[in-house]
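Overview (structure and organization)
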There are 2 protein chains.
Amino acid sequence: MRELTVELGERSYPIYIGQGILTNITALFDRAKLSRKSPLLIVTDESVAALHLERVLTLLREGGFAATACVVPAGETSKSLAQLEGIVTAALQAGLDRSSAIVALGGGVVGDLAGFAAASFMRGIRFVQIPTTILAHDSSVGGKVAVNHPMAKNIIGAFHQPELVLFDIDLLMTLPLRDVKAGLSEVIKHGLIWDAAFTQWCDENADKLLALDPEALSYALYIGCQVKAIVVSQDERENDLRAILNLGHTIGHALEAVAGYGELLHGEAISIGMVGAAKLAQQFGYSEDIHTVTKGLFVKFGLPVSIPPHLDTDMIMSAMMHDKKFKEGTMVYIIPTEIGKVEIRKDVTTEQVRQIVDLLKGEK
Amino acid sequence: MRELTVELGERSYPIYIGQGILTNITALFDRAKLSRKSPLLIVTDESVAALHLERVLTLLREGGFAATACVVPAGETSKSLAQLEGIVTAALQAGLDRSSAIVALGGGVVGDLAGFAAASFMRGIRFVQIPTTILAHDSSVGGKVAVNHPMAKNIIGAFHQPELVLFDIDLLMTLPLRDVKAGLSEVIKHGLIWDAAFTQWCDENADKLLALDPEALSYALYIGCQVKAIVVSQDERENDLRAILNLGHTIGHALEAVAGYGELLHGEAISIGMVGAAKLAQQFGYSEDIHTVTKGLFVKFGLPVSIPPHLDTDMIMSAMMHDKKFKEGTMVYIIPTEIGKVEIRKDVTTEQVRQIVDLLKGEK
Ligand SMILES: NC(=O)c1ccc[n+]([C@@H]2O[C@H](COP(=O)([O-])OP(=O)(O)OC[C@H]3O[C@@H](n4cnc5c(N)ncnc54)[C@H](O)[C@@H]3O)[C@@H](O)[C@H]2O)c1
Ligand SMILES: NC(=O)c1ccc[n+]([C@@H]2O[C@H](COP(=O)([O-])OP(=O)(O)OC[C@H]3O[C@@H](n4cnc5c(N)ncnc54)[C@H](O)[C@@H]3O)[C@@H](O)[C@H]2O)c1
Ligand SMILES: [Zn+2]
Ligand SMILES: [Zn+2]
């Protein structure tokens, strides 16, 4: 079992990564001082519930915890205020109190939704992440939780750190290949923004990762979580540094919104966005190798690198305007300066981004 | 103009109280470093909008702020996730960004709703309280914000402190008498929990307060806010001390829920609840004078002191079970030990509370 800590003072918490570690769930819950007197609520989605819920419930109950489950439909559309209300109903029916915890068992959708429920139920109760997707190595670390509004993604949310993250590689074995690829997109992002050697390693181990080789996967998730943890420790509330995690996300979020939530997976959308950022880097005078390497990597992992031509440029641009990364009219943009390094630019114009969007439509 | 500070380290903020001080709104906004570059969103309700919105918008616009308004229906039912979604729609349409602020212009309903919107929009933007009810001297201070769930009041919320509270006595002159009385109920509560001399003063100045005498009102709101500010400064997140502000609220919240939100005003419900707490004090061996004085005071202010007989005891008890003040099965209850002092008891049984509920039905 690999272990690392997200250093956030009194809000610090451990991340456990390993194969089969779900068996230790109650010991790890005890280490985090979760209460056996107060009921737990497990939030999961229909697909994950069918595969893994019984096991988790059984392990917890055998360990003396009172646990019930609230199951939401699978998919991005569950990140809604309506589902939040449903979770609160379940929490009240299960008799959760201030010492209770909400446990997210699922991917980023379940994590973000259950996390916002934990942040706001009784103005904040404890929260545990049991990620079941590769992408969730990213979403489960750092405390950003949110639901969507029909007009904008992740616009209603909070910062709410979990008590622990329990990442059992075995749970990932049931993942559809499309979600494997989409999840690896964020893993690669963590290399691109922080660690050139790891980017290289990803390139060399693409086949193993795509085949869900447990050791390769375990290592990749460990490094991915570590990069995220370091960045978040230095800037929990995204005042500056944390913005680098948004590489590829300005265009990515807009693409997700315009395609209709769920059409384009998050990891797919940001894959296109990262290729766009690399193109922009070229226009700002940085080496065109960045674009070549970035694009090559995503192609190798079977991820999309161009914008589906039916998505309208004006709609993409207008979706971006509602994005939270606009501060007082100026546009903040993350641009790679070499592989493993990025900078936060505040001088990018809408016009430049529109050109990139048009270029990305032609990308082959 | 009276001024006081809620001391919360880097989250400290000023409360301004006085007659006609709305005229200085832009100067006070400047002092709080609110941005003229980012749009403001004023949240208010239909009744307050008809009376005061134009003036506030005009003052802000003349002062160079970009301000638009979002108007919700008046009444407790607006503290809902549906209205939250509406505010977020308005915020997106008005182009709010991370440097924007949401301004609550109204009573506790608008303050709690707009405050939760500010806490969760973009995971938290700035927030200003312009209270227009007497009760809001309480709700506008301390940063508790929330919406209701059909099964429980204030169950979905956050802690989100405002940048400033601007309390113009002139805005209160349009208040219906019933809301005047209900608001004074929380003013009296602040005396009962903290300040015997102020309780005495309230008793002696009941006529002036009910007649909205500006100087008496200004003083009462100043002391009320001060008590609240002191308590909140010592325990922002209600780990212990802050619970004393809940005097009368265990029964009060249950009555509100069972009567149907809006039937019994918050101030009316807690007036009954405080009489109940005084009765409970008697059963714990404290002087029966507490009950006599408490009840006398609320009668003098024209507030209810008994539970409407059509409200079912079982339903009241079951509503209480969902209340957030239950921790790991134990019941936490605030009980007066003398006028101006309370204690937090953790040994109160459901049976004892049920007896009080029954007694309160007979109270004349
Ligand atoms: N909070 C953050 O910091 C952060 C960071 C990145 C992404 N996100 C969010 O994460 C979400 C995307 O996460 P995701 O890709 O995990 O999506 P997801 O949670 O929707 O999971 C993808 C699909 O895989 C299924 N699934 C999950 N685990 C499975 C398993 N073990 N076996 C089989 N199927 C499984 C799910 O039912 C779903 O259909 C987006 O909403 C995004 O905004 C949040
Ligand atoms: N956050 C907290 O710490 C806290 C504390 C106490 C109460 N509260 C909440 O406050 C709410 C009750 O507050 P409230 O009594 O102010 O209710 P409210 O906001 O509903 O106002 C009462 C009524 O008076 C009207 N009104 C407001 N200002 C007016 C004015 N100047 N002139 C004429 N009419 C006016 C409103 O339209 C409404 O109909 C409850 O929801 C309660 O839970 C919160
Ligand atoms: Zn992402
Ligand atoms: Zn109250």
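Residues numbered from 1 in each chain as written. Chains lettered and ligands numbered in written order. Predicted model: local features only at pLDDT ≥ 70, side-chain atom pairs only at ≥ 80, totals over all residues. Heavy atoms only, no water.

**Things to note about the pattern of salt bridges**
Side-chain pairing between opposite charges can occur once the charged atoms of the two side chains come close. Residue and element names in this part refer to chain A. Under the criterion given, the structure shown has 38 salt bridges over all chains. Note that Glu236 and Arg11 form a salt bridge whose closest N and O atoms lie 2.5 Å from each other. Remark: Arg11 occurs in the loop between strand S1 (2–6) and strand S2 (13–18) and Glu236 occurs in the loop between helix H9 (214–234) and helix H10 (249–259); sequence separation between them is 225 residues. The partner of Lys144 in a salt bridge is Glu238, and the shortest N-O contact between them spans 2.4 Å. Placement of Lys144 in strand S7 (residues 144–149) and of Glu238 in the loop between H9 and H10 is noted, with a sequence separation of 94 residues between them. Considered together, Lys144 and Glu238 belong to a single accessibility category, that of buried residues. One connected set of salt bridges, linked through shared partners, spans Glu76, Lys79, Asp112, Lys153 and Glu256. (Salt bridge = Lys/Arg side-chain N within 4 Å of Asp/Glu carboxyl O. Helix = DSSP H or I, 4+ residues; strand = E, 2+ residues; numbered from the N terminus. Buried < 20%, exposed > 50% of the residue type's maximum accessible area, 1.4 Å probe, protein only.)

**As for the relation of the copies chain B and chain A**
Between the two copies of the chain lies a rotation about an axis combined with a shift along it. With an RMSD of 0.0 Å, the operation that places chain B on chain A is a rotation of 180° combined with a shift of 0.0 Å along the axis. Between the two chains, the operation in question is that of a two-fold axis. Identified as the residue of chain B closest to the rotation axis by C-alpha distance is Leu81 of chain B, at 3.4 Å. Both copies contact each other with a shared surface, as 100% of the interface residues of chain B are interface residues in chain A too. (Least-squares fit on C-alpha atoms with pLDDT ≥ 70 in both. Contact = heavy atoms within 4.5 Å.)

**Let's talk about the interface of chain B and chain A**
Contacts between chain B and chain A engage 39 residues on the former and 39 residues on the latter. Taken over both partners, the interface formed by chain B and chain A buries close to 3500 Å², and the fraction arising from carbon and sulfur atoms is 59%. Taken together, the links from chain B to chain A amount to two salt bridges. Close ionic contact of Arg98 of chain B with Glu238 of chain A constitutes a salt bridge, the shortest N to O distance being 3.8 Å. (Buried area = accessible area lost by both parts, 1.4 Å probe.)

**Observations concerning the site of ligand 1**
All names here are of chain A. Taken together, 28 residues sit near ligand 1, with Asp45, Glu76, Thr132, Thr133 and Thr174 positioned nearest. Within the contact set of ligand 1, an oxygen atom lies 2.8 Å away from a side-chain nitrogen or oxygen of Lys79. Here Thr133 contributes a side-chain N or O atom positioned 2.7 Å from an oxygen atom of ligand 1. Contact with the protein chains hides 90% of the accessible area of ligand 1, taken as 860 Å² for the molecule alone. For the shell around ligand 1, the element with the most residues is helix H2 (residues 46–62), which contributes four residues. Counting contributing residues, the shell around ligand 1 receives three or more from each of domain 1 (2–172) and domain 2 (177–362). (Near = heavy atom within 4 Å. Polar contact = N/O pair within 3.5 Å; in protein donor to acceptor, adjacent residues only side chain to side chain. Areas by Shrake-Rupley, 256 points an atom, 1.4 Å probe, with all protein chains shown as cover. Domains from an automatic or database assignment.)

**Topic: the coordination of the zinc ion (ligand 4)**
Residues and elements named next belong to chain B. Looking at the zinc ion (ligand 4), one finds its protein donor set to be Glu186 (OE), His249 (NE2) and His266 (NE2), positioned 1.9 to 2.1 Å from the metal centre. Between consecutive donor residues of the zinc ion (ligand 4), the sequence gaps follow E-x62-H-x16-H. In this pair, His249 sits in helix H10 (residues 249–259) while His266 sits in helix H11 (residues 266–283), placing the two residues 17 residues apart along the sequence. Since its relative accessible area comes to 17%, His266 is described here as buried. (Donors = N, O, S within 2.8 Å, 3.2 Å for Na, K, Ca; no water.)

**Some remarks on the sheet that holds strand S1 (residues 2–6) of chain B**
All names here are of chain B. Judged by pairing direction, the sheet is mixed, and its seven strands sit side by side in the order S1-S2-S9-S6-S5-S3-S4 without closing on themselves. Each end of this open sheet is capped by a strand with a single partner; those strands are S1 and strand S4 (67–72). Direction aside, neighbouring strands of the sheet carry axes that sit 20° apart on average. Packing against the sheet, helix H2 (residues 46–62) makes contact with strand S3 (40–45), S4 and strand S5 (101–106), and its axis sits at approximately 160° to S3. Here helix H9 (residues 214–234) sits on the sheet and contacts S1, strand S2 (13–18) and strand S9 (164–168); the angle it forms with S1, its principal contact strand, is near 15°. (Pairing = 2+ DSSP bridges. Axes fitted to C-alpha atoms, helices over the stretch in contact; angles between N-to-C directions.)

**Some points on the UniProt feature "binding site: NAD(+)" (unreviewed entry) in chain A**
All names here are of chain A. UniProt marks Gly108, Val109, Val110, Gly111, Asp112, Thr132, Thr133, Lys144 and Lys153 with the feature "binding site: NAD(+)" (unreviewed entry), using the numbering shown here. Here Gly108 lies in helix H4 (residues 108–120). Of the residues examined, Gly108 reaches a relative accessible area of 14% and is grouped as buried. Once you skip the residues sitting within four places of it in the chain, Gly108 turns out to touch Thr133, Ala136 and Ser139. Of note, Val109 is situated in helix H4. Residue classification places Val109 among the buried residues on the basis of a relative accessible area of 17%. Leaving out residues up to four positions away in the same chain, Val109 has contacts with Gly75, Glu76, Ser78 and Lys79. (UniProt positions renumbered as here; feature names shortened; annotations may be inferred.)

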